[in-house]
Amino acid sequence: MRTGRQGATMENGKLTPEYLEETSTLAINPDDFAAIGMALGQTARLKSPDGEVIVTCRPTEGPHGLFFLPLGPTASQLISGETHGSGVPDFKGLVVTLEPEDKLPNRADLGGEIRK
């Protein structure tokens, strides 16, 4: 049984363009989306202290000031390998900056490169 867009994407495999598109889409509160001057489907540069990626932004209901990026190859480029002895990196609460891009990248540029 399929349960929405991401379920169908996962059925096709993790190295497909659909998977990369889904895991490179940043969900943003509609007010935050408007405040930073984003247009629907526009790309943005998302930066953390450990990396930066290009994402496509989509307004989605959620708390003001919080963004959601699905765990995948794109999000992994923003996360430090530090695990604080737990064996699990910090996936939540990551402080990032988001800047709208002036040019639209090629689909292959979304999320950077997939490392095998």
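On a predicted model such as this, the values are computed, not experimentally measured, just so you know.

Criteria and cut-off values
- Residues numbered from 1 in each chain as written.
- Predicted model: local features only at pLDDT ≥ 70, side-chain atom pairs only at ≥ 80, totals over all residues.
- Heavy atoms only, no water.
- Patch = residues over 30% accessible without salt bridge, like charges linked within 9 Å, V, L, I, M, F, W, Y side chains within 5 Å.
- Areas by Shrake-Rupley, 256 points an atom, 1.4 Å probe, with all protein chains shown as cover.
- Salt bridge = Lys/Arg side-chain N within 4 Å of Asp/Glu carboxyl O.
- Helix = DSSP H or I, 4+ residues; strand = E, 2+ residues; numbered from the N terminus.
- Pairing = 2+ DSSP bridges.
- Buried < 20%, exposed > 50% of the residue type's maximum accessible area, 1.4 Å probe, protein only.
- Contact = heavy atoms within 4.5 Å.
- pLDDT = per-residue confidence, 0-100.
- Polar contact = N/O pair within 3.5 Å; in protein donor to acceptor, adjacent residues only side chain to side chain.
- Core = buried A, V, L, I, M, F, W, Y, C linked by side-chain atoms within 4.5 Å.

Our focus in this paragraph is a nonpolar patch on the surface. Taken together, the side chains of Leu-71, Val-88 and Phe-91 make up a nonpolar region of the molecular surface, amounting to roughly 280 Å² of accessible area. Mapped onto the fold, Leu-71 is located in the loop between strand S4 (67-68) and helix H4 (73-76).

Before going further, it helps to examine the sheet that holds strand S3 (residues 51-59). Two orientations exist for strands paired in a sheet by backbone hydrogen bonds: parallel and antiparallel. Here we have 5 strands laid out as an open sheet, ordered S4-S1-S3-S2-S5, and mixed in their pairing. Single-partner strands in this sheet number two, and they are S4 and strand S5 (97-100). Pairing between strand S2 (residues 43-48) and S3: 6 bridges, direction antiparallel. If you follow Arg-45 over to S3, its bridge partner there is Ile-54.

For the structure on display, the rule yields 3 salt bridges. Taking the shortest distance from any N to any O, the salt bridge between Glu-52 and Arg-45 comes out at 2.7 Å. Using a relative accessible area of 41% as the deciding quantity, one classes Glu-52 as partly exposed. Assessed through its relative accessible area of 23%, Arg-45 is described here as partly exposed. Note that Arg-45 and Glu-101 form a salt bridge whose closest N and O atoms lie 3.2 Å from each other. Of this pair, Arg-45 sits in strand S2 while Glu-101 sits in the segment after S5, placing them 56 residues apart in sequence. Through salt bridges with shared partners, a single network forms among Arg-45, Glu-52 and Glu-101.

A word on the environment of Asp-50. Turning to its location among the elements, Asp-50 is positioned in the loop between S2 and S3. Look at Asp-50 and you get partly exposed, because its relative accessible area is 44%. The spatial distance from the C-alpha of Asp-50 to the C-alpha of Ser-76 is 9.8 Å, given a sequence separation of 26 residues. Ignoring anything within four residues of it in the chain, the contact list for Asp-50 reads Gln-77, Leu-78, Ile-79 and Ser-80.

On average, residues of the protein chain carry a pLDDT of 79, and 78% of them reach 70 or more. Element-level mean pLDDT values for the protein chain span from 57 in helix H1 (residues 5-12) up to 94 in strand S1 (residues 25-28).

Let's shift gears to the side chain of Gln-42. With respect to the helices and strands, the residue Gln-42 is situated in the loop between helix H3 (30-35) and S2. Here Glu-101 takes part through its backbone oxygen, which lies 3.0 Å from a polar atom of the side chain of Gln-42.

Looking at soluble globular proteins, one finds that nonpolar side chains tend to be buried together. Counting 13 residues, the largest nonpolar core has Leu-26, Ile-28, Leu-46, Val-55, Cys-57, Leu-69 and Leu-98 as the members making the most contacts within it. Elements that contribute at least two residues to this core include exactly S1, S2 and S3. The contacts of Leu-46, once residues within four sequence positions are left out, are Leu-26, Gly-51, Glu-52, Val-53, Val-55, Leu-69, Leu-78, Val-96, Thr-97 and Leu-98.

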